[in-house]
Amino acid sequence: MTSTIETRGLARTGSVTFPDGFIWGAATASYQIEGAAREDGRGPSIWDTFARTPGRVASGHTGDVACDHYHRFREDVGLMAGLGLAVYRFSTAWPRVVPDGSGPVNPRGLDFYDALVDELLGAGITPYVTLYHWDLPQTLEDRGGWANRDTAYRFADYAQAVHGRLGDRVTTWTTLNEPWVSAFLGYCSGVHAPGRTSPRDAFLAAHHLLLAHGLAAQVLTGELALTLNLAPVVTPAQALDPALELRPEDAEAVHRIDALLNRQFIDPALRGGYPAEVLEIVERHGGLGHIRDGDLEIIKQPVDLLGINYYNPCIVEAAPGESAHPAYPGSEGIRFASLDVPSTAMGWPIIPSGLSTLLVRLSRDYPEVGLIVTENGAAFEDAVVGDRVPDADRVAYLDGHLRAAHEAISAGADLRGYLVWSLLDNFEWAEGYHLRFGIVRVDYGTQRRLLKDSALWYRGVIQRNGI
Ligand code: FCB
């Protein structure tokens, strides 16, 4: 049963070659790697506050030092060059650039990204800048955070400041990383910063994040991207047999969660409208008054690239009487199920075929936008053996997902590139430093970097443009 899921439709052996010009890269995010939390005028972010709140982050870990990338970025760019990366996706920290969230820009914060971009370009690596990967300035949270409409306008000001400094050299701009996570883990289940548990605030946050995307898009030039955490939504039985006909109640459960997780963000951004099922749920959670006339016209901007962060499918089934999942207001009567398949150290089931299903569906339903995998990867319990990290499980994970990506391209998906999550082991949010996603190991005591076997394998994939 396990092997059926892992291998269905995928050749696990044999070589595959990606199209000419396929983009290979790796991704990170500011709070997860930079450290230097109080240097050069950086203000506090919601993650500094959250990490300092007892019980929020495993072992009380914080991003104060992280991978010390702020001081070691030249060494890190050297590692990227050695791997042959064409693209490096990183995020700029809003509280470094605008320490109070609004008002004066901090030139020293911009100096860091300026130097990083130059270092990358000097190494022949294209920078992909993400403007928001979850580190909201604390001052803005104190004024209501993403539940406050004004935050969207302050984001556009900040975007303009970053673009003003880097726009002569950076041509690919991503506004947001995973707004679903910002809104529903940050404001509804509360497992991420700022840790609120209000369904109403989560829907306000979701809309204001989309508004922020649209407003920022208007001040950016070049290639515009939006990165979403998208997943195929399936029943447990359907995960085994995609051709399966669903019972009507399961079909309804799948459709509703797909609306909340995927279409709540894709449809406004690409099509200028919310799915009817989402509006009906938001209506029941405090009304639609925050969606003002003209907002959807602002939100719908010409997006060139849809960034997809894929880790696993979302598995649900109808379960009468079940109360709503803490991160899915409106999911009453639906159970979030697990599957008896191998999983990562994060506990996420390993189902590579979910990536091909997702990519093919997106290209079919949204043919107007190019696709790029902006995150895919896995945490495993790595061991250091001498000067090696023999992470065969991560190699197998990446191999399976790249084959799935290749299969999607063969089936017609307009997939332009793949960025592994992550270049470095780093601060994994509520899990702190316990979970390691890097293809490069970081020894947090010495800050020594060590290429894992997966990094060496990935270098070979990039060289051959295939497996
Ligand atoms: C994604 C985040 C990224 C990382 C991975 C594991 O949701 O964008 O920062 O934590 O999960």
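Let us look at the structure shown here. (Residues numbered from 1 in each chain as written. Predicted model: local features only at pLDDT ≥ 70, side-chain atom pairs only at ≥ 80, totals over all residues. Heavy atoms only, no water.)

### Considering the site of the ligand
Quick reminder of the rule: We call a residue near a molecule or strand as soon as one heavy atom of that residue lies within 4 Å of the molecule or strand. In the analysis that follows, any N or O atom pair within 3.5 Å is treated as a polar contact, provided that within protein one partner can donate a hydrogen and the other can accept it, and provided that, for residues neighboring in sequence, both atoms belong to side chains. Accessible surface is estimated by sampling points in the Shrake-Rupley manner with a 1.4 Å probe; for residues, cover comes only from the protein chains shown.
Near the ligand, the surroundings consist of Gln-32, His-133, Trp-134, Asn-177, Glu-178, Asn-309, Tyr-311, Glu-375, Trp-421, Glu-428, Trp-429 and Phe-437. For the ligand, an oxygen atom lies 3.0 Å from a polar atom in the side chain of Asn-177. For the ligand, the protein covers 95% of the area, taking 300 Å² as the surface of the free molecule.

### Thoughts on the pairing of strand β8 (residues 314-318)
Inclusion rule: Only protein chains enter the accessibility calculation, which uses a 1.4 Å probe; a residue is then buried when its area is under 20% of its type maximum, exposed when over 50%, and partly exposed in between. Secondary structure follows DSSP: runs of H or I at least 4 residues long count as helices, runs of E at least 2 residues long count as strands, and numbering of each begins at the N terminus. Strands pair, by our definition, only if DSSP identifies at least two bridges between them.
Here β8 lies mainly inside the structure; 4 of its 5 residues are buried. Alignment of strand β6 (residues 233-234) against β8, held across 2 bridges, turns out to be parallel. By the bridge assignment for β8, Val-234 is matched with Ile-315.

### A look at the packing of aromatic side chains
This is how it is decided: For this analysis, a ring pair means two rings from Phe, Tyr or Trp (six-membered ring only for Trp) whose centres lie within 6.5 Å, classed as stacked if their planes differ by under 30 degrees, edge-to-face if by over 60, and tilted for the remaining angles.
One pass over the structure, following the stated rule, counts 36 aromatic pairs. Measuring from ring centre to ring centre gives 6.1 Å for Tyr-311 and Phe-437, while their planes differ by 80°; the resulting arrangement is edge-to-face. Placement of Tyr-311 in the loop between β7 (305-309) and β8 and of Phe-437 in the loop between β11 (415-421) and β12 (440-443) is noted, with a sequence separation of 126 residues between them.

### Structural notes on the side chain of Ser-454
What counts, and what does not: Contact criterion: two residues are considered in contact whenever any of their non-hydrogen atoms come within 4.5 Å of each other.
The residue Ser-454 is located in helix α17 (residues 453-464) in this model. Judged by its relative accessible area of 0%, Ser-454 is buried. A polar contact is formed between the side chain of Ser-454 and the side chain of Asp-391, at a distance of 2.5 Å. Ser-454 has contacts with Asp-391, Arg-394, Val-395, Leu-398 and Ile-439, leaving out every residue within four places of it along the chain.

### A look at the sheet that holds β11
The criterion, for reference: Convention adopted: a line fitted to C-alpha atoms gives each axis, helices being fitted over their contacting stretch, and angles between N-to-C directions are expressed from 0 to 180 degrees.
Pairing is parallel in the closed barrel, where 8 strands are placed in the order β1-β2-β3-β4-β5-β7-β10-β11. Recorded for the sheet is a direction-independent mean angle of 25° between the axes of neighbouring strands. Bridge count between strand β4 (residues 172-177) and strand β5 (residues 223-229): 4 bridges; the pairing is parallel. Looking at β5, one finds that Trp-173 is bridged to Leu-224. Sheet strands in contact with helix α6 (residues 107-122) are β2 (87-91) and β3 (126-132), and its direction is about 170° off that of β2.

### Section: the nonpolar core
Applicable threshold: The nonpolar core is taken to be a set of buried Ala, Val, Leu, Ile, Met, Phe, Trp, Tyr and Cys residues, with the residues joined through side-chain atoms within 4.5 Å.
Counting 155 residues, the largest nonpolar core has Trp-47, Tyr-132, Trp-146, Phe-155, Leu-359 and Tyr-458 as its most contacted members. The element best represented in this core is helix α10 (residues 199-217), accounting for 11 residues. If near-sequence neighbours (up to four positions away) are discounted, Phe-155 is found in contact with Trp-94, Leu-131, Tyr-132, Trp-146, Thr-175, Leu-176, Ala-212 and Ala-216.

### Overview of the sheet that holds β8
Taken in spatial order, the 3 strands make up an open sheet running β6-β8-β9, and their pairing is mixed. On the outer flanks of this sheet lie β6 and β9 (334-336), each paired with one strand and no other. Sheet strands in contact with helix α12 (residues 248-271) are β6, β8 and β9, and its direction is about 140° off that of β8.

### Points about α6
An α-helical turn contains 3.6 residues, so a residue and the one three or four places further along point in the same direction. As a reminder of what qualifies: Multiplying one less than the number of residues by 1.5 Å gives the expected span of a helix.
With 16 residues, α6 should cover 22 Å at 1.5 Å per step; its first-to-last C-alpha distance of 22 Å lies within 8% of that length. Within the span of α6, buried status applies to Gly-109, Leu-110, Phe-112, Tyr-113, Asp-114, Leu-116, Val-117 and Leu-120. Where α6 is buried, its residues contact α2 (30-33), α4 (69-83), β2, α5 (94-97), β3 and α8 (150-166).

### Some remarks on the environment of Glu-39
Looking at the secondary structure, you find Glu-39 in the loop between α2 and α3 (46-52). Given the relative accessible area of 31%, Glu-39 is considered partly exposed. For the pair Glu-39 and Tyr-70, spaced 31 residues apart in the sequence, the C-alpha separation amounts to 9.5 Å. Setting aside residues no more than four positions away along its own chain, Glu-39 makes contact with Tyr-70, His-71 and Arg-96.

### Some words on helix α13 (residues 276-284)
Let me state the cut-off plainly: Here the arc refers to the set of directions running from the helix axis out to each C-beta atom.
Among the residues of α13, those classed as buried are Val-278, Ile-281 and Val-282. Taken around the axis of α13, the buried residues stretch over an arc of 100°, which confines them to a single face. Residues of α13 that are buried make contact with α10 and α12. Two residues or fewer after α13 comes Gly-286, characterised by a positive phi angle close to 110°.

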